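Residue-level structure breakdown
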Amino acid sequence: MKLNLPSRISRTLEKGKSNLSGRSLTKQISYIIDSTINGLFHSLEAEFKFGDKLCLVAIGGYGRMELAPHSDIDLLYLHDNLNDDILKIVISKINNFLYDSGMQVGHSCRTVEESKDYIDNIQSFHAILDSRYLIGSEKLFIRYQREFLDNFPQDLVHEFNQRKFNLLEQNILSSHTPLLLTEPDIKNGSLGLRDIQNIYWIEKTLSEASNISKIGIFDFFNKDESLGIVQAYDFLLRTRVSLHMISGRKNDRMDLAQQPNLAEILGFGPKGISSVESFISTYYKYQKDIYNYIGYYLDFRKFKPASSPLKPIHSYGLNLLASAKYLYPPKTEKLFTNPDPLYQDVVAVFLIAQENHLEPSPSLMNELRFAANFLDDDFKNHKGAIDCFLKLLKNNHKVGKFLTWMHESNVLGKLFPEFGACLNFPLFSYHHEYPVDEHSLLILRELDRLVEKSYEDREVQEVFNSCQNIHILYLALLIHDAGKVKEGDHCQYGAELSSAISDRIGLNTEEAKLFRFLVEHHIDMSELSNKRDIYDPSLVLEFSELVEDINKLSLLYVLTIIDTKSVGPSILTNWKKDILYKLYQSTRQSILEKNTKIDLDTSNISQLRNYLVTKENLEENIINAIVDFATICRPNSYSSYNTFRRILQHFTQLQILKQSNKNYHIEFEKEPSYTMITVYTNFRKDIMMHIAGSVSSLDLNLVGMRPFRYSDDKDDLLITQVQVTDSMGSGDIPFNTLDHLQKTLESTLNQEISLDEVALVPKVWIEKSETIEGLVDEMVKFINNPNDHFTIIEIRLPDSIGLLYRILVTLNDLGIELLFARISTSADFAFDTFYVIDQHSEKLTDSILIAKIRDRIYQTSRINWDSKLVPTLQEIYF
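So, a few notes on the structure that sits alongside this text. Because the structure is a prediction, the values reported are computed rather than measured.

1. Observations regarding the overall build of the protein chain
A tally of regular secondary structure across the protein chain gives 38 helices and 16 strands. Structurally, the protein chain occupies a C-alpha span of about 100 × 75 × 50 Å along its principal axes. The buried share of the protein chain, reckoned over its 878 residues, is 56%. At a minimum sequence separation of 6, the contacts of the protein chain that also span at least 24 residues come to 71%.

2. Some points on the packing of helix α22 (residues 470–479) against helix α27 (residues 550–565)
Relative placement of two packed helices is described by the angle separating their axes and the distance separating the axes. For the pair α22 and α27, interaxial distance at closest approach is 11 Å and the crossing angle is 40 degrees. Classed by the angle they form, the pair α22 and α27 counts as oblique. As for how α22 packs across α27, the hand of that crossing is right-handed. Residues I470, L473 and L477 of α22 pack against L555, V558, L559 and I562 of α27. Residues of the contact of α22 with α27, tallied by class, amount to seven nonpolar, no polar and no charged.

3. Concerning the pairing of strand β9 (residues 664–670)
Of the strand pairs in this sheet, β9 and strand β10 (residues 675–682) are connected by seven bridges, and their pairing is antiparallel. Looking at the pairing, Y664 lines up with T681 of β10. Turn length for the β9-β10 hairpin, with the two strands adjacent in sequence and antiparallel, is four residues.

4. As for the sheet that holds strand β8 (residues 359–360)
Read from one edge to the other, the open sheet built from four strands follows the order β5-β6-β7-β8, with strand pairing classed as mixed. The open sheet has two edge strands with one neighbour each: β5 (311–315) and β8. Summarising the sheet, β5 and strand β6 (residues 318–322) pair through five bridges and their orientation is antiparallel. Looking across to β6, one finds that S315 is bridged to L318.

5. A closer look at the pattern of salt bridges
Tallying each qualifying case throughout the model produces 40 salt bridges. Where R253 meets E183, a salt bridge forms, and the shortest distance between an N and an O atom there is 2.5 Å. Of this pair, R253 sits in the loop between α11 (227–247) and α12 (259–265) while E183 sits in the loop between α8 (154–173) and α9 (193–205), placing them 70 residues apart in sequence. Ionic pairing is found between D739 and K743, a salt bridge with its closest N-O pair at 3.3 Å. Residue D739 and its partner K743 are located together in helix α34 (residues 735–749), separated by four residues, close to a single helical turn. What emerges from the salt-bridge pattern is a single network uniting R64, E66, D130 and K204.

6. Examining the packing of helix α17 (residues 399–408) against helix α20 (residues 436–451)
Close contact between α17 and α20 brings their axes to 7 Å; oriented N to C, the two are set at 150 degrees. If you check the angle between α17 and α20, you find them roughly antiparallel. Packed against α17, whose contacting residues are V399, G400, K401, L403, T404 and H407, the element α20 presents D437, E438, L441, L444, R445 and D448 at the interface.

7. So, the environment of R449
Within the secondary structure, R449 sits in helix α20. Residues R449 and K398, 51 residues apart in the sequence, show an inter-C-alpha distance of 8.3 Å. If we skip the residues at most four places from it in the chain, R449 touches H176, S454, Y455, E456, Q461 and K565.

8. Observations concerning the sheet that holds strand β4 (residues 132–136)
The mixed open sheet is built from four strands, whose spatial order is β3-β2-β1-β4. This sheet does not close on itself; its edge strands, each paired only once, are β3 (104–110) and β4. The mean inter-strand angle of the sheet, taken between neighbouring strand axes irrespective of direction, is 25 degrees. Relative to β4, strand β1 (residues 54–58) is paired through four bridges, and the arrangement is antiparallel. Bridging from a neighbouring strand, C55 pairs with G136 of β4. Along the sheet, helix α4 (residues 84–100) makes contact with β1, β2 (72–79) and β3, crossing β2 at roughly 165 degrees. Set on the sheet, helix α7 (residues 138–147) makes contact with β1, β2 and β4; between it and β2 the angle comes to about 95 degrees.

Definitions and limits used
Residues numbered from 1 in each chain as written. Predicted model: local features only at pLDDT ≥ 70, side-chain atom pairs only at ≥ 80, totals over all residues. Heavy atoms only, no water. Helix = DSSP H or I, 4+ residues; strand = E, 2+ residues; numbered from the N terminus. Buried < 20%, exposed > 50% of the residue type's maximum accessible area, 1.4 Å probe, protein only. Contact = heavy atoms within 4.5 Å. Axes fitted to C-alpha atoms, helices over the stretch in contact; angles between N-to-C directions. Parallel < 35°, antiparallel > 145°, perpendicular 65-115°, else oblique. Left-handed = near helix turned anticlockwise from the far one by under 90°. Nonpolar A, V, L, I, M, F, W, Y, C, P; charged D, E, K, R; others polar. Pairing = 2+ DSSP bridges. Salt bridge = Lys/Arg side-chain N within 4 Å of Asp/Glu carboxyl O.

These figures capture arrangement, not role.
Pasting the structure below:
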């Protein structure tokens with residue numbers, strides 16, 4: 001019998017997974033559990049003769065008959081002063097059988113009177129609300145229902161209902177962050193099962209809900225405006241059942257790696273990106289149905305004012321009503337019934353709300369959604385609608401929020417079909433939290449905060465305060481990622497879209513140029529700061545010539561900051577903010593001074609000399625030695641990258657190292673956004689491999705790496721500077737971790753432990769997510785710019801433990817010298833950039849060597865490391 005229960009559930013799921021509804025599947029699982037418990041109860045009753053002393057009650061999800069394969073089975077052992085010893089035996093027999101069958105059980109044991117003492121906890125209250133008679137004394141259950149379920153204290157019920165009302169309003173309708181996620185939580189996440197259940201629980205406790213204790217969610221919602229939510233709830237239930245099957249455990253979070261299997265089981269096609277796109281888009285569609293219903297429900301139950309009269313508003317030919325917060329449709333007439341002014345009216349209603357500092361009420365949003373069904377292709381060209389939209393943009397009051405409401409009412413995508421194509425468009429990445437449309441709207445709401453001067457970052461706010469043409473920035477943010485729905489360069493496609501939109505809505509020449517520039521170049525600052533050496537004067541000069549003026553630079557910087565922040569939590573790290581601001585400052589200075597590369601280098605050396613004289617009061621011979629040192633260090637970005645204080649520190653430490661018997665010296669210096677590791681050594685090609693391997697072993701992120709070489713007639717020395725953060729992107733690494741890192745690095749440099757073992761066998765637990773096949777567009781790209789003396793290698797590969805170390809080993813083995821590395825690892829892939837030269841200190845031009853490097857890098861990325869038996873790279877390659 002022990003194996004019977006899971007096998008029965010498994011057979012049921014296998015038969016019904018492709019054709020049964022979610023409700024049918026969860027009911028069938030509940031029936032199987034019911035029959036199992038009933039059989040156990042009958043055998044125990046034959047032995048102990050319970051009579052009317054004991055009744056089993058299913059509560060919670062089991063009470064609603066909504067069990068997924070690994071859901072908790074919540075039971076109430078309701079008794080009427082049954083003997084304690086007998087109760088213990090009954091509970092032990094039933095619970096242990098369920099435990100032994102792989103089920104999780106939650107139980108309580110109470111009398112009717114005791115039950116009244118356990119309803120002050122809202123979770124327990126909800127579970128009790130879903131009480132369902134299972135087996136035993138029906139007489140005792142009727143008493144439980146009459147004396148307890150039908151007589152909850154009304155003040156407690158009111159308090160709990162208000163909590164749920166507030167939860168739905170604050171976490172759903174008033175949420176600043178998007179509710180549609182790349183990896184949604186089906187049960188407890190936003191717009192999940194729990195939100196629908198909260199409405200159901202409120203309704204169960206209202207006086208007009210007669211005999212509600214006998215019906216479930218599906219019975220309750222099968223009426224009037226609620227029919228759409230039934231389909232959404234059923235789809236979520238079915239998805240949850242399938243997720244439990246795939247996971248083999250209780251799991252409600254749809255990880256990216258599980259979505260291909262889910263899509264296949266749910267009938268969206270064989271595993272692959274296209275089936276996942278179809279599945280997730282459908283899931284988002286049902287979530288939006290839930291969102292719309294919550295608005296309708298709160299408007300019906302909470303928002304509609306009962307006593308205070310509504311104020312009439314007559315504007316743009318529309319008659320509307322207003323409370324202190326909301327704009328309502330009129331009571332005596334239907335909006336949007338006249339087809340002639342329809343195009344203008346559906347946009348003007350948002351403009352009216354904006355100008356009166358009101359929000360469109362859920363009932364008004366419902367009417368707008370209905371009207372949106374009648375907006376055809378002519379809508380996007382209608383002058384009245386476009387004029388109202390542009391006026392809304394230029395009013396600079398919660399523009400992002402109003403564009404969000406326009407999107408939720410299905411109006412925005414009809415006015416701008418370029419944006420409408422992004423509807424529910426998923427981005428399959430562990431660090432992209434939201435679909436394209438939700439991501440773009442979040443950025444717009446972030447811009448609202450800057451307009452309101454309430455942005456949390458002072459530097460960004462100060463830059464924004466000087467910006468002009470904010471309405472064009474709003475428009476650019478709306479369209480900036482619209483090109484992602486098409487294969488290829490989404491920036492170029494977006495630029496083409498922006499030109500078409502400019503013509504359609506009548507932007508003037510300067511506005512159109514700025515709009516196109518911001519869309520076409522919206523990733524440039526992020527790309528340069530993440531993949532290039534922003535301390536290279538020639539790069540700064542070239543970028544300043546691209547942006548041309550400070551206003552365009554400032555708008556692009558603000559766009560980049562809020563775009564990066566809106567990708568997902570913790571994406572905009574302090575490190576990323578710092579390097580973006582540094583690029584902004586350098587470019588701004590270049591625009592102001594219009595210096596050449598030579599001017600910048602000369603200026604840095606001159607300022608260094610002045611610092612050493614005025615601040616450090618050093619003797620002339622020492623000053624000359626330090627200046628010579630800074631001038632000789634290569635690459636020549638050394639003096640622009642390092643502060644004068646650091647240059648002095650490096651010079652001093654190298655003198656100490658030369659006079660000592662040591663082969664190296666290691667320093668740590670904490671900065672706000674990263675920890676700087678500086679390693680001083682005689683020149684050795686493998687130093688970066690030692691650093692990368694040691695950092696990797698402790699699950700730290702290496703985000704930047706620069707070797708600077710000082711070579712003259714006497715010495716050939718190396719200063720290797722590395723920026724490191726913790727796994728979450730914070731620069732505040734604990735001192736004990738840094739101490740551990742130093743000891744590990746010293747052990748490898750002293751050849752006390754194997755470098756391969758350190759790099760490839762982590763000393764801490766590192767969880768790496770499985771990457772969906774085809775998700776990462778793998779690339780090893782070689783770039784030879786005419787004016788550069790080096791080659792840039794861009795690498796995009798699925799991330800894995802020790803990947804950077806293996807790449808560095810590969811380059812070293814092939815005689816390639818690294819000048820600079822920018823490491824930009826996402827949750828699912830690595831996008832790293834390396835500035836390199838060959839063994840003759842020239843850029844890479846040999847096509848055979850380039851092909852060999854590319855092949856070896858691809859090869860090393862596919863090595864499957866075994867932590868118990870670690871081969872050396874020498875063994876693997878040779």
